[in-house]
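Structural overview
Spelled out, the chains give:
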Amino acid sequence: MNISYKSLAFAAISNYLSVYFNDEEDSLVVSKLVCTECGENWYTNLNECFLCGTLNPFLHICRECGVLTSITSSSKHCSNCKKETRKVLGCINSECLSNKKEYSGQIDNKGGVFDKESGFSLSQQYCLKCGSQLNNYKTRKIYIFDPEDGGALGVEIDKGNYVVFRKKEKAGISYYYALSTCLDGTENLSLNKMKKADNVKDLFNGLFDGE
Amino acid sequence: MKFPINPFPDVKPEEFNKLNKKRVTEDFVAENFIKLGWRVYEPFNDTGIDRIIMKNVCPNGHTPTEEDGKDLCKTCGTKTMRIERYLQVKTRTLKDNIFGFTLKSKDLRTDPRHFFILYSDSTMDFFIVGILDFLSFFIKNKINPFSSTSFRKGNNKLNSLKRNTAGDWFWNNKDFNSFLNENGLKLLQNEQIDINLNKKTEQTREYLNILLNVFTCGNSYTKEFGEIINKELIAKPNKISFTRGRMETVIDKIKENNVTNNKEALIESTKKYWEGVKQSENSGEEEVF
């Protein structure tokens, strides 16, 4: 992979995108799993309570006094009630069945809802923003060019993909992008026919706008 | 058409062991799809998807499985459409004629373009199973591999896919040959998945909810406890209610906790972990938290 593509690949990863490539093509494929309804990113590594869907807060809950503590604390003693009691990786929703006294014991014995041993959490099932349960992949194939190379595409771009020009300007790098079907690869390209992004984050947002 | 073939004639697939087979088997899968006209993309980092594949096909289903449809259909002249598939490859060597593998809840997405490639290297067999067909198979045959505690713990090994001496495959004695090799290829290339993407996404979720909202107690919990949990799951099929975003709701819960003093520090800690999880999704690190 040439360094232009590699640079954009790392930028894509830092913007929560997955990156794919094919050694025989001069292109990059960027993809993300998003909510079908609102487009919010979907994170399969994020866990939620199996019983009430509340997200993992990454906190310990003291079953004696209810105080919350960071999971980085190694102390077995509760900082509030000073008792050496069982701190659990519990659900933070007080209404959750896992927090009802008559039922919590069995889950707490396994370390709490978010302890892997309990088997009481699932990968994200609801959108973080709108609560939808549907997710789909959104994928863009992009070709990167430098206008200093003459402005012509020089390679055949298959339709439905994106062309990105990286241009060094006084204020930094700007990006110009367009769907390949809007461009004629045989002519010199005019950047003013393309959309402009002032930074790489805006570039990726622009590429994933709409369908 | 013979499918799959061994694209690497200098080495037999089974010569690699489970510690060093990932690269060769994923390339084995990739080369087989390239020969059938698919454009194959490999991950820059190790993510949940092992390959993305793309192909142009006739929207009327005329494109043979061994060809790329180019711009126009050779049969009806219709403009072709690009289809994309998201592949998770699981390669195993049979033990006692069993193909054993693990599925986690993070492997289950609602996009019907998500496919599992179950590759039995010792018999050179591919199962090509779309998520929707997979779930449909389980529901139709009253099988639920996702209700157990071990599934939610992430260590539920599925040992139900078996090959008999005649070379036929079964899942819990139910015929599984419809996903095998050429049969699976036809399912993979089914353009109706893309044409009806929204409807099939909703159908996938419907099936997922049926299978995920069941609790089997196993040895970890008492039977009585299991009954209470299942009652709760039936009573509240839609688990969450929305007044604010889900992360904001957790932050609110921390703020509402009356016995905790250093709430701002805890909120920052929680946000830091969430950010780590988000970054781990595409950085190639597997479930770091």
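Residues numbered from 1 in each chain as written. Chains lettered and ligands numbered in written order. Predicted model: local features only at pLDDT ≥ 70, side-chain atom pairs only at ≥ 80, totals over all residues. Heavy atoms only, no water.

1. Observations regarding the pattern of salt bridges
Counted under the stated rule, the structure contains 21 salt bridges over all chains. Between A:Arg63 and A:Asp108 there is a salt bridge, and its shortest N-O distance comes to 2.6 Å. Linking A:Arg63 in the loop between β4 (59–62) and β5 (68–70) with A:Asp108 in helix α2 (residues 101–108), this pair joins segments that are 45 residues apart in sequence. Given the relative accessible area of 29%, A:Arg63 is considered partly exposed. Here B:Arg82 and B:Glu84 are joined by a salt bridge, their closest N and O atoms 3.2 Å apart. Among the charged side chains, a salt-bridge network with shared partners connects B:Lys22, B:Arg23, B:Glu26, B:Asp27, B:Asp50 and B:Arg51. (Salt bridge = Lys/Arg side-chain N within 4 Å of Asp/Glu carboxyl O. Helix = DSSP H or I, 4+ residues; strand = E, 2+ residues; numbered from the N terminus. Buried < 20%, exposed > 50% of the residue type's maximum accessible area, 1.4 Å probe, protein only.)

2. So, the sheet that holds strand β8 (residues 135–145) of chain A
Read from one edge to the other, the open sheet built from 11 strands follows the order β11(A)-β10(A)-β9(A)-β8(A)-β2(A)-β1(A)-β1(B)-β2(B)-β3(B)-β5(B)-β6(B), with strand pairing classed as mixed. Edge positions in the sheet fall to β11 (195–197) of chain A together with β6 (125–130) of chain B, since each of these pairs with one other strand and no more. When strand polarity is set aside, the average angle formed by the axes of neighbouring strands in this sheet is 30°. Across three bridges, strand β1 (residues 39–43) of chain B lies against strand β2 (residues 51–57) of chain B in antiparallel orientation. Residue B:Arg39 lies in a different strand from β2(B), and its bridge partner there is B:Met54. (Pairing = 2+ DSSP bridges. Axes fitted to C-alpha atoms, helices over the stretch in contact; angles between N-to-C directions.)

3. Focus: the packing of aromatic side chains
Taken as a whole and assessed by the stated rule, the structure comprises 36 aromatic pairs over all chains. An angle of 15° between the planes, with centres 4.6 Å apart, marks the rings of B:Phe28 and B:Tyr119 as stacked. Highlighted residues: B:Phe28 in helix α1 (residues 22–34) and B:Tyr119 in strand β5 (residues 114–120), separated in sequence by 91 residues. On the accessibility criterion, B:Phe28 (2% relative accessible area) is buried. Positioned over the ring face of A:Phe208 is A:Lys32, at 4.7 Å from the centre of the ring. (Phe/Tyr/Trp six-rings, centres within 6.5 Å; stacked < 30°, edge-to-face > 60°. Lys NZ or Arg CZ within 6 Å of the ring centre and 35° of its normal.)

4. Comments concerning the sheet that holds β4(A)
Spatial strand order, β5-β4-β6 (chain A): three strands in an open sheet with antiparallel pairing. A strand with exactly one partner marks an edge of an open sheet, and here the two such strands are β5 and β6 (87–88) of chain A. Note: β4(A) against β5(A), three bridges, orientation antiparallel. Opposite A:Ile61, over in β5(A), you have A:Leu68 as the bridge partner. Contacts between helix α9 (residues 263–283) of chain B and the sheet are confined to β4 and β5 of chain A, with β5(A) contributing the most and set at about 55° to the helix. (Contact = heavy atoms within 4.5 Å.)

5. A word on the nonpolar core
With 48 residues, the main nonpolar core has A:Phe120, B:Phe127, B:Phe134, B:Phe146, B:Trp171, B:Phe176 and B:Ile229 as its most contacted residues. Elements with a minimum of two residues in this core: β4 (98–102), β5, β6, α2 (131–140), β7 (157–163), β8 (169–171), α6 (197–212) and α7 (223–235) of chain B. Looking at which element gives the most residues to this core, the answer is α2(B), with six residues. If near-sequence neighbours (up to four positions away) are discounted, B:Phe134 is found in contact with B:Phe101, B:Leu103, B:Phe116, B:Val129, B:Trp171 and B:Phe176. (Core = buried A, V, L, I, M, F, W, Y, C linked by side-chain atoms within 4.5 Å.)

6. Overview of the side chain of A:Gln133
Relative to the helices and strands, A:Gln133 is located in the loop between β7 (121–123) and β8. Polar contacts involving the side chain of A:Gln133 include one to the side chain of B:Asn209, which spans 2.8 Å. Those residues in contact with A:Gln133 that lie beyond four places of it in its chain are A:Trp42, A:Gln125, A:Tyr126, B:Thr110, B:Arg205 and B:Asn209. (Polar contact = N/O pair within 3.5 Å; in protein donor to acceptor, adjacent residues only side chain to side chain.)

7. As for the confidence of the model for chain B
The share of residues in chain B with pLDDT of 70 or more is 98%, and the mean pLDDT across the chain is 93. Predicted as a complex, the structure gets a pTM of 0.94 and an ipTM equal to 0.94. (pLDDT = per-residue confidence, 0-100.)

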